[in-house]
Structure formats: structure tokens, C-alpha cells
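The chain contents come next:
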Amino acid sequence: EEAAWLEERKKNKNKYAPIKRRKAPSDPTILPAQYANQRLKAGNYCELHYFTNRGLDNMRVSMSIAEPDALVMLPAVDRIHSWVPTAAVKDPKAAPVVKDENLTWEEFNEAMPHMILSMKMHDWLDDRIDMHIQFWTALQAHCWCHAPDTLKQKALPLYQ
């Protein structure tokens, strides 16, 4: 009987594998467009639109359509051409990117934590990340942010 049970266990390893009880992950998975990832990785300016819920949704749609292994040749600064994944290049026919100053406060507040997580993923220096956090927090705490005058509210993102 013992030998039969051991044989059964040996044949069906997955059935008898121990299950580790863990909490479900609470951190959201932020996957902006490859174009935005490449810009952040290089430390270049990247529009907040790519980190809004709408921008992340656009990326999900385009990711399901694009050929994952396709490459395109681009000239580099030193005039040497290099092959880059198609997903890392901004598609001129894609949905238009909303300029930072035209984002709503809701979109602005969606984008900030997503962009901070992406900065941390790309190993930005802590003082640079803290600088962005302090600046965005100051914008959110500004008295114009909650002013009834929409012109004042629209003026704040222009400073960022």
C-alpha cells in the first residue's frame, strides 16, 4: 500500500506538490509603451500621457496588434544605424498623445504614481525621484488646484 502511494506520488508530481500560501500582489503592474520605457531608461523627457490610464490602455491595445519580433533600423547620434524593436519606436499613426498641459487633474494624478514606479524600475537616482515627487506634491497642494476658476486649474500643469 505504501509502495503504491509512493508510485502514485511519483507519477503525478504536480498533484502532490506542496502549495505555498502567499498574499496576492498588491503592486499594480505598470507597463507603459516601449517608447516611453526607452525614454525613461535613457533619462529623457517623456510625456505623462503614456502613464495615464488611457495611455496604458492604448499600449495594451497596440501590444496585442504589433508583431513582437519586428525590428526597424534607426540612425543613432553617432551616425551609426542600429536595429531597434518596433514597439520601442513611436508610431506616427497611433492615437494622439495628449500634451502634459492638456491633461485633466484626474489624468495627472493617475500618471504620477505610475511614472514614479517606472522611474524606480529603471534605476533612477533617489534624489531625482524625490525631486519629482516634491514638485508634483507642491502642484497638488497649490491653492489653485482646488480653485473654482478653471483657468487657474489649467495654469498649474503648465508649470510642470
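Relevant structure appears above.
Quantities reported herein were computed from a predicted structural model and do not represent experimental measurements. (Residues numbered from 1 in each chain as written. Predicted model: local features only at pLDDT ≥ 70, side-chain atom pairs only at ≥ 80, totals over all residues. Heavy atoms only, no water.)

Draft legend 1. Summary view of a nonpolar patch on the surface. Side chains of L71, M73 and W83 sit close together on the surface and give an oily, nonpolar patch of about 350 Å² of accessible area. You can see M73 is positioned in strand 1 (residues 71–75). (Patch = residues over 30% accessible without salt bridge, like charges linked within 9 Å, V, L, I, M, F, W, Y side chains within 5 Å. Areas by Shrake-Rupley, 256 points an atom, 1.4 Å probe, with all protein chains shown as cover. Salt bridge = Lys/Arg side-chain N within 4 Å of Asp/Glu carboxyl O. Helix = DSSP H or I, 4+ residues; strand = E, 2+ residues; numbered from the N terminus.)

Draft legend 2. The environment of M59, seen in detail. Within the secondary structure, M59 is located in helix 4 (residues 53–65). Expressed as a C-alpha distance, the spacing of M59 and L31, which sit 28 residues apart in the sequence, is 8.0 Å. Excluding residues that lie within four positions of it along the chain, M59 makes contacts with L31, P32 and A33. (Contact = heavy atoms within 4.5 Å.)

Draft legend 3. Here's a closer look at helix 5 (residues 105–121). For helix 5, with 17 residues, the first-to-last C-alpha span of 25 Å sits near the 24 Å given by 1.5 Å per residue. Those residues of helix 5 not exposed but buried are W105, E107, F108, A111, M112, H114, M115, I116, S118 and M119. Following helix 5 by one or two positions, D123 adopts a phi angle in the positive range, close to 60 degrees. (Expected span 1.5 Å × (residues − 1). Buried < 20%, exposed > 50% of the residue type's maximum accessible area, 1.4 Å probe, protein only.)

Draft legend 4. Structural detail: the side chain of H114. Structurally, H114 can be placed in helix 5. Residue classification places H114 among the buried positions, given a relative accessible area of 13%. Separated by 3.2 Å, the side chain of H114 and the backbone oxygen of E110 make a polar contact. Non-local contacts of H114, meaning those with residues more than four positions away in its chain, are made with I30, F51, N53 and L56. (Polar contact = N/O pair within 3.5 Å; in protein donor to acceptor, adjacent residues only side chain to side chain.)

Draft legend 5. Structural context of the packing of aromatic side chains. For the coordinates displayed, the defined rule picks out 3 aromatic pairs. Ring centres of W5 and Y16 lie 6.3 Å apart, and the angle between their planes is 65 degrees; on these two criteria the pair is classed as edge-to-face. A residue pair is termed long-range when its members are at least 10 positions apart, and W5 in helix 1 (residues 2–11) and Y16 in helix 2 (residues 13–16) qualify at 11 residues. Ring geometry for W105 and F108: centres 5.1 Å apart, planes at 85 degrees, overall edge-to-face. On the criterion of helical spacing, the pair formed by W105 and F108 is a turn pair, its members being 3 residues apart in helix 5. The class of W105 is buried, set by a relative accessible area of 13%. (Phe/Tyr/Trp six-rings, centres within 6.5 Å; stacked < 30°, edge-to-face > 60°.)

Draft legend 6. How the structure looks around the state of the cysteines. Counting across every chain of the model gives 0 disulfides. Here C145 is not disulfide-linked; the sulfur of C143 is the nearest cysteine sulfur, at 9.6 Å. On the basis of relative accessible area, C145 is assigned to the buried category, the value being 11%. (Disulfide = S-S within 2.5 Å.)

Draft legend 7. Focus on the environment of D123. Here D123 is to be found in the loop between helix 5 and helix 6 (126–141). Given the relative accessible area of 67%, D123 is considered exposed. In the structure, D123 is positioned 83 residues away from L40 in sequence and 9.8 Å away in space, judged by C-alpha atoms.

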